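Architecture and fold: a report
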Amino acid sequence: EDKVVQSPLSLVVHEGDTVTLNCSYEVTNFRSLLWYKQEKKAPTFLFMLTSSGIEKKSGRLSSILDKKELSSILNITATQTGDSAIYLCAGENQGAQKLVFGQGTRLTINP
Amino acid sequence: GAVVSQHPSRVICKSGTSVKIECRSLDFQATTMFWYRQFPKQSLMLMATSNEGSKATYEQGVEKDKFLINHASLTLSTLTVTSAHPEDSSFYICSARDPAAYSNQPQHFGDGTRLSIL
């Protein structure tokens, strides 16, 4: 059965800190690993990773995929209170395009 | 970019009522859409894959007679929660991807529907 596991489940840091969120996956016929940010409504897309070792960046956020270790990390530097959210990692399989989500990491940034 | 619209955003109704949720792809045709459910403080769980012009594919443990899915056009999928009960209260979210941009575009989510059954 396909499975995605995230850690930590919860993280509280001070504004300005750097955080690293982890995601490991076991997905049949793996195609891509996706990161989403969820605040009060539905998830908003952050990154889609298909190739191993290539870092993707968007402002203070970056992410990389390690296909050998079946894992990915999401880094956020110089955190701000607006980064407080649940960060979801999802694995996608090639054929069915289904997303298998991890439990999410609840990130809280204190001023 | 691709946009997915979901309606209504919030429903509060009595036990026994059937509730229909719509999911539309606004600027692309989606042969496949996905329906997820999210309970409080939990992650998204895939309920079913909605296929245009054919029957939906349900995940294990999801009652197809309880959660009716219709994908009658290339831009609209509907999820009907039949005879809803309090335990069906949840956040329901749909997603879709532009098949023309499959290789480099992610699935996009609707804003979700928060369903509360009294």
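Higher on the page you've got the structure.
Residues numbered from 1 in each chain as written. Chains lettered and ligands numbered in written order. Predicted model: local features only at pLDDT ≥ 70, side-chain atom pairs only at ≥ 80, totals over all residues. Heavy atoms only, no water.

Overview of the interface of chain A and chain B
Contacts between the two partners involve 21 residues from chain A, matched on the other side by 23 residues from chain B. For the pair chain A and chain B, the summed buried surface comes to about 1700 Å²; carbon and sulfur atoms form 53% of the total. The three residues of chain A that bury the most area against chain B are A:Gln97, A:Lys98 and A:Phe101, which together make up 26% of that side's buried surface. Joining chain A to chain B, the criterion identifies two salt bridges. When the shortest N-O distance is used, the salt bridge between B:Arg97 and A:Glu92 registers 2.8 Å. (Contact = heavy atoms within 4.5 Å. Buried area = accessible area lost by both parts, 1.4 Å probe. Salt bridge = Lys/Arg side-chain N within 4 Å of Asp/Glu carboxyl O.)

Some thoughts on the state of the cysteines
For the coordinates displayed, the defined rule picks out two disulfides over all chains. Between the sulfur of A:Cys23 and that of A:Cys89 lies a disulfide, 1.8 Å long from S to S. Disulfide A:Cys23 to A:Cys89: torsion about the S-S bond roughly -60°, handedness left-handed. Residue A:Cys23 is found in strand S3 (residues 19-26), and its partner A:Cys89 is found in strand S9 (residues 85-93); the two are separated by 66 residues along the sequence. The residues A:Cys23 and A:Cys89 share a single accessibility class, namely buried. With no disulfide of its own, B:Cys13 has B:Cys94 as its nearest cysteine by sulfur position, at a separation of 18 Å. (Disulfide = S-S within 2.5 Å. Helix = DSSP H or I, 4+ residues; strand = E, 2+ residues; numbered from the N terminus. Buried < 20%, exposed > 50% of the residue type's maximum accessible area, 1.4 Å probe, protein only.)

Some details on the nonpolar core
Residue and element names in this part refer to chain B. Counting 24 residues, the largest nonpolar core has Trp 35, Phe 67, Leu 79, Tyr 92 and Leu 115 as the members making the most contacts within it. Secondary-structure elements contributing two or more residues to this core are strand S2 (10-13), strand S3 (19-25), strand S4 (32-38), strand S5 (44-51), strand S7 (67-73), strand S8 (76-81), strand S9 (90-96) and strand S11 (113-117). Beyond its immediate chain neighbours, meaning those up to four positions away, Leu 115 contacts Val 11, Cys 13, Val 19, Val 81, Asp 88, Ser 89, Ser 90 and Tyr 92. (Core = buried A, V, L, I, M, F, W, Y, C linked by side-chain atoms within 4.5 Å.)

Focus: the sheet that holds strand S1 (residues 4-7) of chain B
Strand pairing in a sheet is mediated by backbone hydrogen bonds. Such pairs are either parallel or antiparallel. Residues and elements named next belong to chain B. Pairing within the open sheet is antiparallel, and its four strands lie in the order S1-S3-S8-S7. At either margin of the open sheet sits one strand with a lone partner, and together these are S1 and S7. Each adjacent strand pair in this sheet contributes to an overall mean axis angle of 15°, direction not counted. (Pairing = 2+ DSSP bridges. Axes fitted to C-alpha atoms, helices over the stretch in contact; angles between N-to-C directions.)

Thoughts on the pairing of S1(B)
All names here are of chain B. Of the two faces of S1, the one lined by Val 4 and Gln 6 is fully buried and the one lined by Ser 5 and His 7 carries no buried residue. Relative to S3, S1 is paired through four bridges, and the arrangement is antiparallel. Bridge pairing links His 7 to Glu 22 in S3.

A closer look at unusual backbone geometry
For the bond running from A:Ser7 to A:Pro8, omega is -10°, close enough to zero to count as cis. Tracing the backbone shows A:Pro8 in the loop between strand S1 (3-7) and strand S2 (10-14). The omega torsion of the bond from B:His7 to B:Pro8 falls at 0°, within 30 degrees of zero and hence cis. Among the structural elements, B:Pro8 can be located in the loop between S1 and S2. The phi angle at A:Ala78 is positive, at roughly 45°, despite the residue not being glycine. Structurally, A:Ala78 is set in the loop between strand S8 (71-76) and S9. The exposure class of A:Ala78 is partly exposed, given its relative accessible area of 39%.

Structural notes on the pairing of S5(B)
Residues and elements named next belong to chain B. Within S5, seven of the eight residues are buried, which leaves it mostly tucked inside the rest of the structure. Strand direction decides the pairing type here: S4 and S5, joined by seven bridges, are antiparallel. Each bridged residue has a counterpart across the sheet, and for Phe 34 the counterpart in S5 is Thr 49. Between S4 and S5, which pair antiparallel in sequence order, lie five residues; one of them, Lys 41, sits at a positive phi of approximately 60°. In this sheet, strand S6 (residues 57-58) lies alongside S5 in antiparallel orientation, the contact comprising two bridges. Considered in S6, the bridge of Ala 48 is made with Tyr 58. Counting the residues that bridge the hairpin from S5 to S6 gives five residues, and of these Gly 53 lies at a positive phi of roughly 80°.

Re the environment of B:Gly16
Tracing the backbone shows B:Gly16 in the loop between S2 and S3. Not counting residues up to four positions away in its chain, the partners in contact with B:Gly16 are B:Ser83 and B:Ala84.

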